Amino acid sequence: DKQGIRMVEAESARVRFSFFAMLGTQPAAGVDEVVVKHAAVTLAQRTDGHWNYEDLVREDSEPSAFRGKVQVEDSQVMGRLDGHSLTLENVQAKLDFADAAATVIEAKAAHQGAEVSASGKVGEDIRLSVDGREFNLMDYLQYLPEGTLPSSVKLLGGRIDHVSAVVQRKDGVLTYSGRAEASHGEVQLLGTAVQNITGMVEFSEKELSVFGSGEAS
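Residues numbered from 1 in each chain as written. Predicted model: local features only at pLDDT ≥ 70, side-chain atom pairs only at ≥ 80, totals over all residues. Heavy atoms only, no water.

K.L.:
I'd like a description of the pattern of salt bridges, backed by residues and values.
P.N.:
Applying the stated criterion to the full structure yields six salt bridges. The residue Arg159 makes a salt bridge to Asp161 at a minimum N-O spacing of 2.6 Å. Salt bridges here are not isolated pairs; linked through shared partners, they connect Glu134, Arg159 and Asp161. (Salt bridge = Lys/Arg side-chain N within 4 Å of Asp/Glu carboxyl O.)

K.L.:
Report on the sheet that holds strand 1 (residues 8-17), specifying residues and quantitative values.
P.N.:
Here 11 strands make up an open sheet; going across it, the order is 1-2-3-4-5-6-7-8-9-10-11 and the pairing mixed. A single partner strand is all that each edge strand has here, and the edge strands are strand 1 and strand 11 (208-216). With strand direction ignored, the average angle separating the axes of adjacent strands in the sheet is 15°. Pairing geometry for strand 10 (residues 192-204) and strand 11, over eight bridges, is antiparallel. Directly across from Gly199, in strand 11, lies its bridge partner Gly212. (Pairing = 2+ DSSP bridges. Helix = DSSP H or I, 4+ residues; strand = E, 2+ residues; numbered from the N terminus. Axes fitted to C-alpha atoms, helices over the stretch in contact; angles between N-to-C directions.)

K.L.:
Tell me about the nonpolar core, residues and numbers included.
P.N.:
Val31, Val34, Val36, Ala39, Phe66, Val70, Val72 and Ala93 form the largest nonpolar core, which has eight residues in total. Of all the secondary-structure elements, those providing two or more residues to this core are strand 2 (31-44) and strand 3 (69-81). No other element matches strand 2, which puts four residues into this core. Among all residues touching Phe66, those that are not within four sequence positions of it are Ala28, Val31 and Phe97. If you look at the next biggest cluster of nonpolar residues, it comprises six residues, including Ala114, Ile160, Val163 and Ala180. (Core = buried A, V, L, I, M, F, W, Y, C linked by side-chain atoms within 4.5 Å. Buried < 20%, exposed > 50% of the residue type's maximum accessible area, 1.4 Å probe, protein only. Contact = heavy atoms within 4.5 Å.)

By themselves, these are just geometric observations and shouldn't be taken as functional.
This is the structure:
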C-alpha cells in the first residue's frame, strides 16, 4: 500500500485467459479465471478510518472490465481494526465478478478451532449470510465493543456452539441480526458465580437479548 506495507503475497497463481481477448483495449476482460494458492492477505483499517486496500483503487479510475472468477485455496487473511488483529487460517473462497454491480462470494475459514463460512453479494450494497461453529468465548472477548456487557457481569468462560447472522448494507446503512447458541458458560454476576450456563442469544445492531439457564454457587 502507500505506506509500504505488503498487502498480498502468494505461493502460486494460475490464470486462465483468452489470448485474443487480451489483445483488446481492455485486457482484463480476457481473463476467465484466477486460482491463488497459499496466499497471505493483510487488511488493515487506519486511524483515519480508511482501509489499506483503498490505495489500490484510484477514485477517477474506470470500472474494471474483469468478469471472471477468482478461487483462493489454503490461504490466510489477517484483519486489523481498532488496535486488534484476527487471523483466519485455511481460507477457501470463490468470488464471481460476472455482475459488475456486485461480487458473489462463497468462503470458509478457521480460527483457533472455530469454523466460519460466509456467502452472499458485496458491492455498493451488501448482503452476507454468516455461519460459525465451536467458538471459545474467551478468545473473542477483546473484540466486543466497550459497554456491550453490563459492569455487573464478568465473563469467565463459555462456548458458542453455533452462530448465524445476516449482515446488510443498503443505501449506506449497515445492519445485522442473528442468533447464537451457547453452552459451558461461566460468569460472575453481581459478585455471584454462575456456572454451567446454556442458552441462546439474539442480537442486532440495536439490541441484545439473552435467554438461558445456569447454576449459581
